[in-house]
Structure formats: C-alpha cells, structure tokens
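Structure at a glance
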Amino acid sequence: MRVTHFQRKPRPLGNFSIESYFKTIRALAPDDIKIKLCEAPVYSNGLLDRIKIIFHAIQHQSEINHITGDIHFVTPFLRKGKRILTIHDCGQLHRSKGIKKAILKFFWFTWPCRSADIITVNSEFTKRDLLNFVSVPPDKIKVIYIFVPDVFKRFDKPFNAIKPRILQIGTAPNKNLVNTIPALEDIDCTFVIVGNPTDAIRELLYKHKVEHEIIDRALTENELYEEYKKCDIISFISDFEGFGMPIVEGQIVGRPVITSYNASMPEVAADGACKVDGYNPIEIKNGFKRIIDHADQRNALIEIGYKNSKRFSAEMVTEKYFTLYRIIK
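Sequence order sets the numbering: in each chain, residues are counted from 1 along the sequence as written. Where local features are concerned, this predicted model is filtered to residues with pLDDT of at least 70; where side-chain atom pairs are given and counted, the filter is 80 or more; whole-chain, interface and lining totals use all residues. Processing note: side-chain calculations cover all non-hydrogen atoms of the structure and skip hydrogens and water entirely.

Below, the discussion takes up helix α11 (residues 281–293). Between its first and last C-alpha atoms α11 spans 18 Å; for 13 residues at 1.5 Å apiece the expected length is 18 Å, and the two agree. The buried label goes to any residue with under 20% of its type's maximum accessible area, the exposed label to any with over 50%, and the partly exposed label to all in between, with areas taken from a 1.4 Å probe on protein chains only. Strands here are runs of E lasting at least two residues and helices are runs of H or I lasting at least four, both read from the DSSP assignment and numbered beginning at the N terminus. Within the sequence span of α11, burial applies to Ile284, Lys285, Gly287, Phe288, Ile291 and Ile292. One side of α11 holds all its buried residues, which, seen down the axis, span an arc of 155°. In α11, the exposed positions that point more than 90 degrees away from the buried face belong to Ile282 and Asp293. In the core, the buried residues of α11 are packed alongside β7 (165–169), α6 (177–183), β10 (233–236), β11 (257–260), β12 (274–276) and α12 (295–309). A 3.5 Å cut-off defines polar contacts: any pair of N or O atoms within that distance qualifies, except that in protein one atom must be a possible hydrogen donor and the other a possible acceptor, and neighbouring residues in sequence count only when both atoms are side-chain atoms. Regarding α11, its N-cap is asparagine 280, as a side-chain oxygen of that residue lies 3.0 Å from the backbone nitrogen of isoleucine 282 further along. Expected helix span is given by 1.5 Å per residue-to-residue step, counting one fewer step than there are residues. Each direction from the helix axis to a C-beta atom contributes to the arc, which is the arc of those directions. Residue contacts are defined here by distance: any two heavy atoms, one from each residue, within 4.5 Å place the two residues in contact.

The next point concerns the environment of threonine 190. Tracing the backbone shows threonine 190 in strand β8 (residues 190–194). Residue threonine 190 is classed as buried on the basis of its relative accessible area of 9%. Along the primary structure threonine 190 and isoleucine 166 are separated by 24 residues, whereas in three dimensions their C-alpha atoms are 6.0 Å apart. In contact with threonine 190, not counting residues within four places along its chain, are Lys163, Pro164, Arg165, Ile166, Glu211 and Glu213. A distance of 3.3 Å separates the side chain of threonine 190 from the side chain of glutamate 211, its partner in a polar contact.

Okay, the packing of helix α9 (residues 245–253) against α12 next. Axis separation between α9 and α12 bottoms out at 7 Å; the angle between their running directions is 115°. By the angle between their axes, α9 is roughly perpendicular relative to α12. When you trace α9 past α12, the crossing you get is left-handed. Side by side, α9 and α12 meet where Val248, Gln251 and Ile252 of the first sit next to Gly305, Tyr306, Asn308 and Ser309 of the second. Only C-alpha atoms enter the line fits that serve as axes; for helices the fit covers just the stretch in contact. Angles between N-to-C directions range over 0 to 180 degrees. Each angle is binned into one of four classes, with values under 35 degrees roughly parallel, values over 145 roughly antiparallel, values of 65 to 115 roughly perpendicular, and all other values oblique. We call a crossing left-handed when the near helix sits turned anticlockwise from the far one by less than a right angle, and right-handed when that turn is clockwise.

Moving on to the nonpolar core. By nonpolar core we mean a set of buried residues, namely Ala, Val, Leu, Ile, Met, Phe, Trp, Tyr and Cys, connected to one another through side-chain atoms within 4.5 Å. Membership of the largest hydrophobic core comes to 49 residues, with the highest contact counts inside it found for Tyr21, Phe152 and Tyr325. Put simply, the parts of the chain that give this core at least two residues each are α1 (17–27), β7, β8, α8 (221–230), β10, α9, α10 (265–269) and α13 (314–328). Here this core gets 7 residues from one element, more than from any other, and that element is α13. When sequence neighbours within four positions are dropped, the list of residues in contact with tyrosine 325 reads Met1, Val3, His5, Ile33, Ile35, Ile64, His66 and Ile84. If you look at the next biggest cluster of nonpolar residues, it comprises 27 residues, including Leu78, Trp108, Ile119 and Ile141.

Residues Phe125, Thr126, Lys127, Asp129 and Leu130 constitute the buried set of helix α5 (residues 124–131). Turning to α5, the residues buried within the fold contact β4 (82–87), α3 (91–95), α4 (98–115), β5 (118–121), β6 (141–143) and α10.

Bringing the pattern of salt bridges into the picture now. Counted as salt bridges are all cases of a side-chain nitrogen of Lys or Arg within 4 Å of a carboxyl oxygen of Asp or Glu. Per the counting criterion, the structure on display carries 14 salt bridges. In this structure, the salt-bridge partner of glutamate 303 is arginine 154, at a minimum N-O distance of 2.8 Å. Within this pair, whereas glutamate 303 is found in helix α12, its partner arginine 154 is found in the loop between β6 and β7, the two being separated by 149 residues in sequence. When its relative accessible area of 38% is taken as the criterion, glutamate 303 is described as partly exposed. Look at arginine 154 and you get partly exposed, because its relative accessible area is 25%. Salt bridges sharing partners connect three or more residues here, namely Arg165, Glu213, Glu227 and Lys230.

What follows covers the sheet that holds β6. Note: two strands are recorded as paired if DSSP finds a minimum of 2 bridges between them. In spatial order, the strands read β2-β1-β3-β4-β5-β6; together these 6 strands make up an open sheet with parallel pairing. Lying at the two open borders of the sheet, with one neighbouring strand each, are β2 (34–39) and β6. Within the sheet, the average angular offset between the axes of one strand and its neighbour, ignoring direction, is 25°. Across 4 bridges, the pairing between strand β1 (residues 2–7) and strand β3 (residues 64–67) is parallel.

Take the environment of tyrosine 21 next. Mapped onto the elements of the fold, tyrosine 21 is located in helix α1. Under the relative-accessibility criterion, tyrosine 21 is labelled buried at 5%. For the pair tyrosine 21 and threonine 68, spaced 47 residues apart in the sequence, the C-alpha separation amounts to 9.6 Å. Among the polar contacts made by the side chain of tyrosine 21, one reaches the main-chain carbonyl oxygen of tyrosine 145 at a distance of 3.2 Å.

Shown next as structure tokens:
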C-alpha cells in the first residue's frame with residue numbers, strides 16, 4: 001500500500017519533534033507499506049501560502065493520506081484516498097480568542113476532524129481536550145503515544161548535589177518559565193535553557209539571580225542527547241502539553257524529572273517524576289529541593305521513571321501506525 005506523509009515546512013529554529021518522529025516511522029516501515037514524504041513548499045503563513053500548500057498537497061495524494069500535524073487545513077481537500085489526521089494538542093485553541101479563535105477552530109480543527117477518516121492523538125488527555133472542541137464520534141480518535149528517538153539511552157553519572165545542572169527544554173509561554181525561574185532563586189544551580197527566551201524571560205533570570213546558560217540554536221538529536229547526559233535534573237513544569245517528550249527523554253537517560261500536574265504530564269510521567277503545582281513557585285522550589293537534598297527519593301524517581309519510559313519505544317508505537325494503515329485501507 002502507498003502512504004503519503006504530509007508535513008509542514010520546518011522552520012530553521014523551530015521544534016523539529018514532529019519531523020524527526022515521522023522520519024523514524026518512515027524508516028521502520030515494513031515492505032508492504034511504502035511511505036513517501038510531501039513537505040509543504042512554503043511556511044504556513046497567511047492565506048496565499050496556505051493555498052499553495054493545499055494545491056501542492058492535492059498533487060501528492062496516495063491510497064492513504066496522513067497529515068502529520070500543524071497543517072491540518074489540507075485534510076478536507078485530499079479526496080483520492082483515506083485520510084488520517086494527527087493532532088498533537090489543542091493549545092492554540094486555549095490561547096486564542098474572538099474571531100481568530102473561530103477561524104482557527106473551524107479550519108484547523110472542526111472541518112479537518114469531520115473530513116478525516118481517523119484522527120490520531122498522542123495522549124488520552126489530548127483526546128478528551130479535542131472532544132471538548134469538536135463533535136466527532138470518540139471511537140474515531142485513536143491514542144498513539146510518541147516514542148523516544150533511539151539516540152536517547154541510559155547514561156548514569158554522579159549527581160551534583162552541590163550545584164546541579166538543571167535542563168529546561170523550550171521557552172514558549174506554555175513552558176511556564178515565569179513560575180519556574182522565581183522558584184530557582186537562592187538555589188545554587190546552573191539553569192540551562194534550550195530555546196530562545198524573550199527579553200522578559202531574560203530579565204526574570206537576572207532579577208532572581210539565577211545562574212544560567214542559553215542554547216538559542218537548533219540542536220540535532222545527538223547534540224540534545226549530550227545536554228541530557230551533562231545535566232542532573234530535567235525541568236519541564238509546563239502548564240499545557242499534548243504529550244511532553246522531555247519527560248520521557250529525561251526518564252530514559254536516567255535523570256530525575258520535575259513536572260506539573262497539568263494537562264498530559266501526569267499521564268506521561270506516571271509515578272516517575274516529582275509533580276508540583278506549576279502555578280506555585282514555592283511548591284516548585286520545594287520540589288527542586290526534594291530532588292537535590294534527598295538521594296533516596298531522587299534515585300527512586302530515576303528508576304521508576306526509567307521503567308515508565310519503556311512504554312514509549314519506537315517499535316511499539318510505529319507498529320500501531322502500521323496496523324492503522326492496514327486497517328483503514
């Protein structure tokens with residue numbers, strides 16, 4: 001059978017998780033499933049560029065057309081085969097208001113979801129969240145978790161309790177740095193941020209005297225893995241995530257993870273992370289201190305987290321997509 005993966009045009013300093021994720025799926029495809037990539041010719045900016053993306057997609061249809069995220073709006077126009085739509089989260093709907101939200105909801109969610117034969121999401125949380133916005137049969141939505149790239153492996157190292165290196169992946173508003181940074185005041189650490197913080201976030205770092213490093217360039221998977229290996233703690237105290245890949249990446253490398261009770265984080269982390277109220281800097285601070293000061297609790301989190309990460313192997317997840325392709329045909 002022939003499958004086309006429809007993918008956004010990746011931005012130079014963007015988040016490449018969607019692209020690398022589906023690249024691995026294509027690489028592991030069995031002989032009976034032939035998957036080709038159709039990358040959007042332009043960035044998804046404005047009406048004219050999106051019309052170009054739609055016409056380009058129409059020209060590359062297969063028996064099975066899988067829209068892998070972000071460019072949901074092409075789904076209704078692909079009518080030559082079965083349509084699978086992957087939705088990674090509904091964060092844009094939560095952050096939008098007024099006419100912008102109405103347009104976004106209809107063209108990125110309502111119309112595409114009604115047009116798709118099957119919708120996949122990456123957590124039970126995202127499924128529930130999506131059903132709050134669109135009216136489709138619940139059994140049309142399949143939960144298929146995200147897997148950790150093979151490059152991430154267990155790497156044990158002594159924990160630096162004197163001055164831990166705390167790794168933060170991402171700087172978008174939902175990453176909740178406005179509450180995480182104040183919590184680190186008076187904690188002797190190096191806060192390593194992968195992303196490009198706003199001026200306001202940079203000012204917050206200096207205001208609260210948090211020693212920090214900023215890596216404001218796109219990292220390869222191997223470079224990112226090196227940052228995980230060097231760090232002592234993974235900080236991912238987001239207020240909204242459809243999944244939360246850094247939680248699992250940290251668990252598989254063997255690092256203690258601190259995260260929030262919000263959205264998908266408890267589902268993904270299970271019992272293998274220190275969970276805190278992400279809106280309470282004092283509770284966040286206490287969470288960091290528990291990890292730093294209590295070796296027994298820290299080591300227990302590491303081992304439970306490592307076991308939990310096994311739920312997200314590439315073989316298990318990709319086979320669910322391949323089964324889906326065979327069933328929908």
